[in-house]
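Reading the structure
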Amino acid sequence: EAQVTQNPRYLITVTGKKLTVTCSQNMNHEYMSWYRQDPGLGLRQIYYSMNVEVTDKGDVPEGYKVSRKEKRNFPLILESPSPNQTSLYFCASSQQGRTEAFFGQGTRLTVV
Amino acid sequence: SQQGEEDPQALSIQEGENATMNCSYKTSINNLQWYRQNSGRGLVHLILIRSNEREKHSGRLRVTLDTSKKSSSLLITASRAADTASYFCATLANSGGYQKVTFGTGTKLQVIP
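A few points on the structure. Residue numbers restart at each chain and count upward from 1, following the sequence in its written direction. Chain A is the first chain written and ligand 1 is the first ligand written, with later ones labelled in order. Local features are withheld for residues below a pLDDT of 70 in this predicted model, meaning they are given only at 70 or higher, and side-chain atom pairs are given and counted only at 80 or more; totals for whole chains, interfaces and linings count all residues. Where side-chain values are given, they derive from all heavy atoms of the structure, hydrogens and water being excluded.

What follows covers the state of the cysteines. All names here are of chain A. The term disulfide is used for any two cysteine sulfur atoms that are within 2.5 Å. Inspection of every chain in the model, using the stated rule, returns two disulfides over all chains. The residue that forms a disulfide with Cys23 is Cys91, at a sulfur-sulfur distance of 1.8 Å. Across the S-S bond of Cys23 and Cys91 the torsion is about -70°, and the bridge reads as left-handed. Residue Cys23 is found in strand β3 (residues 19–25), and its partner Cys91 is found in strand β9 (residues 87–94); the two are separated by 68 residues along the sequence. Numbered from the N terminus, helices here are DSSP runs of H or I no shorter than four residues, and strands are runs of E no shorter than two.

So, about the interface of chain B and chain A. Contact definition: two residues touch when any of their heavy atoms are within 4.5 Å. Counting residues at the interface gives 20 residues for chain B, matched by 26 residues for chain A. We define buried area as the total accessible area lost by two parts upon association, computed with a 1.4 Å probe and summed across both. Summing the contributions of chain B and of chain A, the shared interface buries around 1,800 Å²; its carbon and sulfur component is 51%. The working definition used for a salt bridge is a side-chain nitrogen of Lys or Arg within 4 Å of a carboxyl oxygen of Asp or Glu. The interface formed by chain B and chain A includes zero salt bridges. Two N or O atoms form a polar contact when they lie within 3.5 Å of each other; inside protein one atom must be a possible hydrogen donor and the other a possible acceptor, and for residues adjacent in sequence the pair counts only when both atoms belong to side chains. On inspection of chain B and its partner chain A, the count reaches two residue pairs in polar contact (both at pLDDT 80 or more). Residue assignment for the side of chain B that touches chain A shows that the elements contributing at least two residues are β4 (31–37), β5 (43–50), β9 (85–95) and β10 (98–103) of chain B. Under the scheme applied here, ten amino acids are nonpolar (Ala, Val, Leu, Ile, Met, Phe, Trp, Tyr, Cys and Pro), four are charged (Asp, Glu, Lys and Arg), and all others, including Gly, are polar. Tallied by class, residues from the side of chain B that touches chain A come to eight nonpolar, 10 polar and two charged.

It is worth spelling out the sheet that holds strand β8 (residues 71–76) of chain B at this point. Residue and element names in this part refer to chain B. Here a strand pair is declared whenever DSSP counts at least two bridges between the two strands. Here we have five strands laid out as an open sheet, ordered β1-β3-β8-β7-β6, and antiparallel in their pairing. Lying at the two open borders of the sheet, with one neighbouring strand each, are β1 (5–7) and β6 (55–58). Adjacent strand axes in the sheet meet at a mean angle of 20° when their direction is disregarded. Looking at chain direction, strand β3 (residues 19–24) and β8 are connected through six bridges and run antiparallel. Within β8, the position partnered with Asn22 by the bridge is Ser73. A fitted line through C-alpha atoms represents every axis, and for helices the fit uses only the stretch in contact; the resulting angles, taken between N-to-C directions, go from 0 to 180 degrees.

A word on the side chain of Ser67 of chain A. Residues and elements named next belong to chain A. Examined against the element boundaries, Ser67 turns out to sit in the loop between β7 (65–66) and β8 (76–78). A 1.4 Å probe rolled over the protein chains alone gives each residue an accessible area, and that area as a share of the maximum for its type sets the label: buried under 20%, exposed over 50%, partly exposed in between. Judged by its relative accessible area of 18%, Ser67 is buried. The contact partners of Ser67, leaving out residues within four places of it in the chain, are Asn73, Phe74 and Pro75.

Rendered as structure tokens:
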């Protein structure tokens, strides 16, 4: 089954404690991206990747890092999480960004 | 304001009525897509319309695109309670040599049985 898998689904952490949210897709898609969703703001792109070892900042990259060492995986790293990063995060993949995007189930992150 | 803004922000209709949502954007685009999101879940792709198309249908969905006005509309005909969800438009545009996808803020649709 074609899917994008994010883990964990829910995470509560403390300020400053490094965390990683994993994202994996099984569709051999080149394009992957991370979004955060906040009430009234819609989805805002954090980072995206056009292919292995090619990543670029989206609209709200501050406080986040990503890596794309393999085509299927695109982890989101928060080196020192802060409360303003409390949000619902989505990973998505698509064929070169030109066609429909497939979304993961979401990760609800709370930073206290 | 953002690329891809939906209007209205919220819409409440009776089952059987039609629901129309609008999306406006600012820059030239390659295509425009509509997605649906059930509460707290991931987005699901509904329909894609290319910049050289004016109208597209898929089941009870009808999408129009007016590139001169930089706007699109999504019409859901004969709505059902199961259509209750948030709907987002997403534009795909060239940006610095790459193609960037930008989502709007969404329209929250409630269909009352």
